[in-house]
Every structure is written in structure tokens, then in C-alpha cells.
Amino acid sequence: MKVNTQSVNFHADEKLLTFIQKRMDKLDLFYDKVIKSDVFLKVENTSDKENKIFEARVSVPGDSFIVKKQCKSFEEGTDMAVASLERQLKKRKEKLRAHL
């Protein structure tokens, strides 16, 4: 799956982009009809330690899922967001199976 990653107000290094790509690719295991995914990385300008915002939009036929997580690091935010998306995609797959 192609992941479009945009970093707002900073430059994301290749290591972070590769990490995000690997984690998002795991979503294909749970739902194989993912059309595209967009990831937005933002750094909030506050003194709070949890100033990294990870936002992901995953498009599937007829719907899209949006997850927004605020954490200390982008890696932590990625893991939390992918876990949340995983649950949502599993739930959608179960609903589609129930209709068949």
C-alpha cells in the first residue's frame, strides 16, 4: 500500500518514513481493499512533552477511517494509531461478512 506522508513545519528523516511505511503496510493483513492512506505529522509548539501529533486517514471502498494521536514520539503515535486502525478495519470486515 502506498502511504502519502506529509510532515508539517519540519523535515521527517528517512528512518521515520520507513518505520511508518512498515507499520501501515501491516494493515493490509487485516483488510485487503485499502485504496490509499495519508499520514500527517505535526509538531505542536508547546512546552508539553506530548507535542507530536500523528494523524492518519485510510481510504477503503465506500468509507474512510481517520485516527489522530498525540504522543511523545512519532513512533509511539504510529503504533497507537495503527492499533486503532486495525480494530476499525477488523470491525468493518466483520460487518461486511455479516451482510453476505
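Notes on the structure in this doc start here.

**Focus: the sheet that holds strand β3 (residues 52–60)**
Here is step 1 of the chain: Strands sit in the order β1-β2-β3-β4 across an open sheet of 4 strands; the sheet is mixed. Of all the strands in the sheet, the pair left with one neighbour each is β1 (3–8) and β4 (63–71). Mean inter-strand twist for the sheet, computed between neighbouring axes without regard to direction, equals 15 degrees.
Here is step 2 of the chain: Alignment of β3 against β4, held across 9 bridges, turns out to be antiparallel. Residue pairing across strands places I53 opposite Q70, the latter belonging to β4.
Here is step 3 of the chain: Set on the sheet, helix α2 (residues 74–99) makes contact with β2 (36–43), β3 and β4; between it and β4 the angle comes to about 150 degrees.

**As for the nonpolar core**
Here is step 1 of the chain: Counting 21 residues, the largest nonpolar core has I20, M24, V39, L41 and L85 as its most contacted members.
Here is step 2 of the chain: At the level of secondary structure, the elements contributing two or more residues to this core comprise α1 (14–25), β2, β3, β4 and α2.
Here is step 3 of the chain: Counting residues per element, this core draws most heavily on α2, at 5 residues.
Here is step 4 of the chain: With residues near it in sequence (within four places) discarded, V39 still touches V3, N4, T5, Q6, I20, M24, F54, E55 and A56.

**Focus on the packing of aromatic side chains**
Here is step 1 of the chain: Under the defined criterion, the tally for this structure stands at 1 aromatic pair.
Here is step 2 of the chain: With a centroid separation of 5.3 Å and an interplanar angle of 10 degrees, the aromatic rings of F10 and F74 are classed as stacked. Taken together, the positions of F10 in the loop between β1 and α1 and F74 in helix α2 put the pair 64 residues apart, joining distant regions of the chain.
Here is step 3 of the chain: On the basis of relative accessibility, which here comes to 25%, the residue F10 falls in the partly exposed class.

**Quick word on unusual backbone geometry**
Here is step 1 of the chain: For N9, which is not glycine, the phi torsion reads 70 degrees and is therefore positive.
Here is step 2 of the chain: Assignment of secondary structure puts N9 in the loop between β1 and α1.
Here is step 3 of the chain: Given a relative accessible area of 74%, N9 falls into the exposed group.

**Focus on the environment of F10**
Here is step 1 of the chain: When the C-alpha positions of F10 and K93 are compared, they lie 36 Å apart, and in sequence the two are 83 residues distant.
Here is step 2 of the chain: Leave out the neighbours within four places in its chain, and F10 touches L41, K42, V43 and F74.

**Considerations on the pattern of salt bridges**
Side chains carrying opposite charge are able to pair once their charged atoms draw close together.
Here is step 1 of the chain: Across all of its chains, the model carries 8 salt bridges by this definition.
Here is step 2 of the chain: K42 is paired through a salt bridge with E55; the nearest N and O atoms lie 3.4 Å apart. Here E55 lies in strand β3 and K42 lies in strand β2, a separation of 13 residues in the sequence.
Here is step 3 of the chain: Here E55 falls in the buried class, since its relative accessible area comes to 16%.

About the thresholds
- Residues numbered from 1 in each chain as written.
- Predicted model: local features only at pLDDT ≥ 70, side-chain atom pairs only at ≥ 80, totals over all residues.
- Heavy atoms only, no water.
- Pairing = 2+ DSSP bridges.
- Helix = DSSP H or I, 4+ residues; strand = E, 2+ residues; numbered from the N terminus.
- Axes fitted to C-alpha atoms, helices over the stretch in contact; angles between N-to-C directions.
- Contact = heavy atoms within 4.5 Å.
- Core = buried A, V, L, I, M, F, W, Y, C linked by side-chain atoms within 4.5 Å.
- Buried < 20%, exposed > 50% of the residue type's maximum accessible area, 1.4 Å probe, protein only.
- Phe/Tyr/Trp six-rings, centres within 6.5 Å; stacked < 30°, edge-to-face > 60°.
- Salt bridge = Lys/Arg side-chain N within 4 Å of Asp/Glu carboxyl O.

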